[in-house]
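As a plain string of letters, each chain reads:
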Amino acid sequence: MISIILFLLSVFCIIYYGIIIAYSGSKTSFIGFWPVAAMLSAFFAVFLQSSFFLSLPHVITLILKLFFITVILLFVILFLRISVCRSDADINADYLIVLGAIVRGETPSNALKERIQTAFDYLKTHEDAIAILTGYRNPQATISQGACMQKELRRLGIPAYRLLVEPDARTTYENFQFSKDYMTRLEPKTAFITSDFHLYRAKKIAAKCGYKNIKGIGAKTPTPLILHCYIREVFSVMKFFLHAL
């Protein structure tokens, strides 16, 4: 039964790999996970039915099963913690930090488009808020992520004086750390926008950067990438906790 499930999982990984490439291209971050997962699933589907595995002492097979069950449980727990993290309600911020994402040329990626739209919706209804648009110029881009967001928000009608561009941050930690230099108000109320799958880790990083009671707003993740982004985020959260040790 387990071997059949693993074989079906392998097939799913290959199909989903093709969907991601069709939707967002072969350079999508972390895309290599899916062919690797397909190969590992296929390998274990065969391995669990092999004479070698079946001839192992019972205690060895029990230890292996307990190990894999523990890994899967840890993964599921982190996945659920990330999944249940939702946008805060009743946010009235002085500064709105908008975290960058990939830009291609001068065109925002699908993820960044959603963050820009979410920022526009907030700025339109909170006319005193100042946006800090943070993100460096990634290798595929001709302008920084911050400048791209500014260009798009200007096109949507947000005035330039409400859009501050931070063009150097390469990581989420730097997004929050560098944005502090653009805040002139004392003890400002601060919120941030990122993709919904990233809210949990972003709040942890913001707290590490010294932000008190910062609020988070999640932008929608494009539907074909939801599973991919949440799986990738589980590994990112693991990495974050390991670095914090």
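Note that this is a predicted model, so its numbers are computed, not measured.

A few words on the sheet that holds strand 6 (residues 190-195). Pairing in this open sheet of five strands is parallel, and the strands run 5-4-1-6-7 from one edge to the other. Among the strands making up the open sheet, the edge pair consists of strand 5 (163-166) and strand 7 (215-219). Averaged over all adjacent pairs, the angle separating strand axes in this sheet is 25°, with direction ignored. Both strand 1 (residues 95-99) and strand 4 (residues 130-134) contribute to a ladder of five bridges, which runs parallel. Residue pairing for strand 4: Ile97 is matched across the bridge by Ile132. The sheet strands contacting helix 5 (residues 110-125) are strand 1, strand 4, strand 5, strand 6 and strand 7, and the helix crosses strand 1 at an angle near 170°. Against the sheet, helix 7 (residues 172-179) makes contact with strand 1, strand 4, strand 5 and strand 6, and its axis sits at roughly 150° relative to strand 1, the strand it touches most.

Turning next to a nonpolar patch on the surface. Residues Val59, Ile60, Ile63, Leu64, Phe67, Phe68, Val71, Ile72, Val76 and Leu80 make up a contiguous nonpolar surface patch of roughly 860 Å² in combined accessible area. Residue position: Val76 is located in helix 4 (residues 58-83). Using a relative accessible area of 38% as the deciding quantity, one classes Val76 as partly exposed.

Enumeration over the complete set of coordinates arrives at zero disulfides. A disulfide-free cysteine, Cys85 has its sulfur positioned 15 Å from the sulfur of Cys229, the nearest such atom.

Take the nonpolar core next. In this structure, Ile97, Phe176, Phe192 and Tyr211 are the most contacted members of the largest nonpolar core, which totals 34 residues. If you list the elements that add at least two residues to this core, you get helix 1 (2-24), helix 2 (33-47), helix 4, strand 1, strand 4, helix 8 (199-208) and helix 9 (226-244). Among the elements that make up this core, the one with the highest residue count is helix 9 (six residues). Setting aside anything within four residues of it in sequence, one finds Ile97 in contact with Ile132, Thr134, Asn175, Phe176, Ser179, Met183, Thr190, Ala191, Phe192, Ile193 and Tyr211. Judged by nonpolar contacts, the second largest core, of 26 residues, contains Ala129, Ala131, Leu133 and Ala219.

Calculation notes
Residues numbered from 1 in each chain as written. Predicted model: local features only at pLDDT ≥ 70, side-chain atom pairs only at ≥ 80, totals over all residues. Heavy atoms only, no water. Pairing = 2+ DSSP bridges. Helix = DSSP H or I, 4+ residues; strand = E, 2+ residues; numbered from the N terminus. Axes fitted to C-alpha atoms, helices over the stretch in contact; angles between N-to-C directions. Contact = heavy atoms within 4.5 Å. Patch = residues over 30% accessible without salt bridge, like charges linked within 9 Å, V, L, I, M, F, W, Y side chains within 5 Å. Areas by Shrake-Rupley, 256 points an atom, 1.4 Å probe, with all protein chains shown as cover. Salt bridge = Lys/Arg side-chain N within 4 Å of Asp/Glu carboxyl O. Buried < 20%, exposed > 50% of the residue type's maximum accessible area, 1.4 Å probe, protein only. Disulfide = S-S within 2.5 Å. Core = buried A, V, L, I, M, F, W, Y, C linked by side-chain atoms within 4.5 Å.

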